[in-house]
Amino acid sequence: MLYLNIYYVVLNVILFILMGADKLFAISHKHRIKEATLLSLSLLGGSLGGFFGMLIFHHKIRKHYFLIVFLLSTITHIILYVNLLGNQF
């Protein structure tokens, strides 16, 4: 279970950082991070980091599908995590 916790923490931190980096890239008109990359990391389990990145950096907040994907991904991963926890006992 420790590895799963580490996986989720690392993935969420990565997506949080990428949301901030993409915001900086957008402001400075530099090469952007693909939306597909950000959404994929969310689906892999980094949705909380992405959601907090949206709020803190005010990035992608007008794109409702980001919020929907982040919320659905968060709910899905919480259900998976709780089920895995329950199977450990």
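Up top you'll find the structure we're talking about.
Just so it is clear, the structure is predicted and the values come from calculations on it, not from any experiment.

Colleague: Provide a residue-level description of a nonpolar patch on the surface, including the pertinent values.
Modeller: Taken together, the side chains of Leu2, Tyr3, Ile6, Val10 and Ile14 make up a nonpolar region of the molecular surface, amounting to roughly 540 Å² of accessible area. Mapping Leu2 onto the fold places it in helix α1 (residues 2-27). Note on Leu2: relative accessible area 57%, which makes it exposed.

Colleague: Describe α1, naming the residues involved and giving the relevant values.
Modeller: Taking 1.5 Å per residue, 26 residues should reach 38 Å; α1 reaches 38 Å between its end C-alpha atoms and fits that length. Looking at α1, one finds that the buried residues are Tyr8, Leu11, Asn12, Leu15, Met19, Gly20, Ala21 and Asp22.

Colleague: Describe the packing of α1 against helix α2 (residues 35-57), with residues and values.
Modeller: Following both chains from N to C, one finds α1 and α2 inclined at 55°, their axes separated by 7 Å at the closest point. When the interaxial angle is binned, α1 and α2 end up oblique. In terms of crossing hand, the pair formed by α1 and α2 is right-handed.

Colleague: Account for the environment of Lys30, naming residues and giving values.
Modeller: Assignment of secondary structure puts Lys30 in the loop between α1 and α2. Judged by relative accessible area, which is 55%, Lys30 ranks as exposed. Placed 19 residues apart in sequence, Lys30 and Leu11 show a C-alpha to C-alpha distance of 24 Å.

Colleague: How would you explain the pattern of salt bridges if you had to name every residue and give the values?
Modeller: Enumeration according to the criterion identifies four salt bridges in this entry. In this structure, Lys60 and Glu35 form a salt bridge, with 3.2 Å as the shortest nitrogen-oxygen distance. With Lys60 in the loop between α2 and α3 (64-88) and Glu35 in helix α2, this pair connects stretches of sequence that are 25 residues apart. Between Glu35 and Lys63 there is a salt bridge, with its nearest N and O atoms 2.6 Å apart. One end of the pair, Glu35, is in helix α2; the other, Lys63, is in the loop between α2 and α3, and 28 residues separate them in sequence. Note on Glu35: relative accessible area 23%, which makes it partly exposed. Connected via shared salt-bridge partners are Asp22, Arg32, Glu35, Lys60 and Lys63.

Scoring rules and cut-offs
- Residues numbered from 1 in each chain as written.
- Predicted model: local features only at pLDDT ≥ 70, side-chain atom pairs only at ≥ 80, totals over all residues.
- Heavy atoms only, no water.
- Patch = residues over 30% accessible without salt bridge, like charges linked within 9 Å, V, L, I, M, F, W, Y side chains within 5 Å.
- Areas by Shrake-Rupley, 256 points an atom, 1.4 Å probe, with all protein chains shown as cover.
- Salt bridge = Lys/Arg side-chain N within 4 Å of Asp/Glu carboxyl O.
- Helix = DSSP H or I, 4+ residues; strand = E, 2+ residues; numbered from the N terminus.
- Buried < 20%, exposed > 50% of the residue type's maximum accessible area, 1.4 Å probe, protein only.
- Expected span 1.5 Å × (residues − 1).
- Axes fitted to C-alpha atoms, helices over the stretch in contact; angles between N-to-C directions.
- Parallel < 35°, antiparallel > 145°, perpendicular 65-115°, else oblique.
- Left-handed = near helix turned anticlockwise from the far one by under 90°.

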